[in-house]
Amino acid sequence: MKEKTLRELYPEIKKIKSYQVKVSALHTLYVEECGNPKGTPALFLHGGPGAGLSPNHRRFFNPEKYRIILFDQRGAGKSKPYAELRENTLWDLIDDIEVIRKKLKVSKWLVFGGSWGSTLALTYAISYPQHVLHLVVRGIFLCRHEEILWFYQYGAHQIFPDKWKDYVAVIPESERHDMLGAFYRRLTSPDKKTRLEAAKAWSQWEGATICLKPDAKVFHEFTEIAVSLARIECHYFMNNSFFPSENYLLENVDKIRHLPTVIVQGRYDVVCPITSAWDLHKAFPEAEFIIGDMHFAAKHWGNP
């Protein structure tokens, strides 16, 4: 186990090429590439689910060394239809990654993901280890019930009581014993105003707590993506993220213990507490385990 200090991201990358990739009769994904076309393929998996891409996501990788591949997952960002819940499951996303890999003629790639992206990266690696060259996961989220409860029901509110007040304000006290269910009913309501009010409260709670220090820019970004983030996250979490068992990733980690892997975790991450990374480290001792001295949403390091 190592402890490291922060490193800045690589310089901004503006030159990209993008594609629209149809993955079902309903869904079309936005895919982009940048960096070195002849470099090592590197796949970036964004968080959420439902958050979509940011230009900063390109900057985790050395553009001279890597062929950087990114995409908006179903219902997120520039993918269509926006905030769509139909045909939107974990296993649909895994199939989508394979569609992209084949379309871009990639045999093996480095797979990189943080938060929900770490969930997706681990699941993809377990499903298709033969196509993973290297695995890098940060801000570990194993999608266990206890992790969902910590952030949306009981736990994180003790650190951010002022922000929690705004989060619960849209839910009547009589329903607050099940915040996830209460939000789901509103986020899938036929009434647009009800959906928007719930989406804003859900996403701003996450935006307010994801940084070690308050960051108005991040808070605004989470407000901008409120509808897709809130609807799709709540949809996944109401369905155990479509895993067949509560602890699927740790139960299947033996399938990837031969892969070169780095686990990176911010010690003070409130959204994805370090205990999940620690549990993954114990189940996967072969992986390099790095603990950062700050929360990863504030700054990032450990760049490939």
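Before any of the text, the structure's been laid out above.
Note that the structure is predicted; figures quoted are calculated from it, not measured.

Q: Quick rundown of the packing of helix 6 (residues 192–209) against helix 8 (residues 226–238)? Include the residues and the values.
A: Where helix 6 contacts helix 8, the axes come no closer than 8 Å and their chain directions differ by 85°. Viewed along their axes, helix 6 and helix 8 adopt a mutual orientation that is roughly perpendicular. Where helix 6 abuts helix 8, its residues Arg 195, Leu 196, Ala 199, Lys 200, Trp 202, Ser 203 and Glu 206 lie against Ala 226, Val 227, Leu 229, Ala 230, Arg 231, Glu 233, Cys 234 and Phe 237. A breakdown of the residues in the contact of helix 6 with helix 8 according to their chemical character gives nine nonpolar, one polar and five charged.

Q: Break down the packing of aromatic side chains for me, with residues and values.
A: Across all of its chains, the model carries 24 aromatic pairs by this definition. Measuring from centroid to centroid gives 5.8 Å for Phe 44 and Phe 112, while their planes differ by 25°, and the two rings are stacked. Taken together, the positions of Phe 44 in strand 4 (residues 40–45) and Phe 112 in strand 6 (residues 109–115) put the pair 68 residues apart, joining distant regions of the chain. The same class applies to Phe 44 and to Phe 112, which are both buried.

Q: Explain the pattern of salt bridges residue by residue, including any values.
A: Per the counting criterion, the structure on display carries 13 salt bridges. Salt-bridge contacts for Asp 254 lead to Arg 257; the nearest nitrogen and oxygen are separated by 3.1 Å. With a relative accessible area of 55%, Asp 254 lands in the exposed category. Residues joined in a network through salt bridges with shared partners are Arg 144, Glu 147, Asp 279 and Lys 282.

Q: Tell me about empty space enclosed by the protein, residues and numbers included.
A: Inspection of every chain in the model, using the stated rule, returns one cavity of 30 Å³ or more. Here the largest cavity is characterised by a volume of approximately 100 Å³. Lining the largest cavity are Gly 48, Ser 115, Phe 141, Glu 147, Ile 148, Phe 151, Tyr 152, Glu 206, Glu 233, Phe 237, Val 271 and Cys 272. Elements supplying a minimum of two residues to the lining of the largest cavity: helix 3 (145–152) and helix 8.

Q: Would you mind going over the environment of Arg 257 in detail, with residue names and values included?
A: Counting through the fold element by element, Arg 257 comes out in the loop between helix 9 (248–251) and strand 8 (261–266). Residue classification places Arg 257 among the partly exposed residues on the basis of a relative accessible area of 30%. For the pair Arg 257 and Ala 283, spaced 26 residues apart in sequence, the C-alpha separation works out to 9.0 Å. In contact with Arg 257, not counting residues within four places along its chain, are Ala 283, Phe 284, Pro 285 and Glu 286. Of the polar contacts made by the side chain of Arg 257, one reaches the side chain of Asp 254; its length is 3.1 Å. One polar contact links Arg 257 to Glu 286, side chain to side chain, over a distance of 2.6 Å.

Q: Got a sec to walk through the environment of Glu 175? Specific residues and values, please.
A: With respect to the secondary-structure elements, Glu 175 resides in the loop between helix 4 (161–168) and helix 5 (179–187). Setting aside residues no more than four positions away along its own chain, Glu 175 makes contact with Ala 182, Arg 185 and Arg 186. A distance of 2.8 Å separates the side chain of Glu 175 from the side chain of Arg 185, its partner in a polar contact.

Q: So, the side chain of Ser 276: which residues are in play, and what are the values?
A: If you trace the backbone, Ser 276 turns up in helix 10 (residues 274–283). Setting aside residues up to four positions removed in sequence, Ser 276 forms contacts with Ile 140, Leu 142, Arg 144 and Glu 147.

Q: Talk me through unusual backbone geometry; I want residue IDs and the actual numbers.
A: Working note: non-glycine residues mostly have negative phi, and peptide bonds are mostly trans. Residue Gly 48 is joined to Pro 49 through a cis peptide bond whose omega torsion reads 0°. Looking at where Pro 49 falls in the secondary structure, it is placed in the loop between strand 4 and strand 5 (66–71). Along the chain, Lys 80 connects to Pro 81 via a cis peptide bond; the corresponding omega equals -5°. Within the secondary structure, Pro 81 sits in the loop between strand 5 and helix 1 (90–103). The phi dihedral of Glu 87 is positive, around 50°, even though this residue is not glycine. Within the fold, Glu 87 resides in the loop between strand 5 and helix 1. Of note, the phi angle at Lys 105 is positive, near 55°, even though the residue is not glycine. Tracing the sequence through the fold places Lys 105 in the loop between helix 1 and strand 6. Relative accessible area serves as the criterion here: at 74%, Lys 105 is assigned to the exposed category.

The rules behind each value
Residues numbered from 1 in each chain as written. Predicted model: local features only at pLDDT ≥ 70, side-chain atom pairs only at ≥ 80, totals over all residues. Heavy atoms only, no water. Axes fitted to C-alpha atoms, helices over the stretch in contact; angles between N-to-C directions. Helix = DSSP H or I, 4+ residues; strand = E, 2+ residues; numbered from the N terminus. Parallel < 35°, antiparallel > 145°, perpendicular 65-115°, else oblique. Contact = heavy atoms within 4.5 Å. Nonpolar A, V, L, I, M, F, W, Y, C, P; charged D, E, K, R; others polar. Phe/Tyr/Trp six-rings, centres within 6.5 Å; stacked < 30°, edge-to-face > 60°. Buried < 20%, exposed > 50% of the residue type's maximum accessible area, 1.4 Å probe, protein only. Salt bridge = Lys/Arg side-chain N within 4 Å of Asp/Glu carboxyl O. 1 Å grid on protein atoms, 1.4 Å probe; cavity = no way out; pocket = protein on both sides within 12 Å on 5 of 7 lines; lining within 4 Å. Points joined across faces, edges and corners; volume = space filled by probe spheres on them. Polar contact = N/O pair within 3.5 Å; in protein donor to acceptor, adjacent residues only side chain to side chain.

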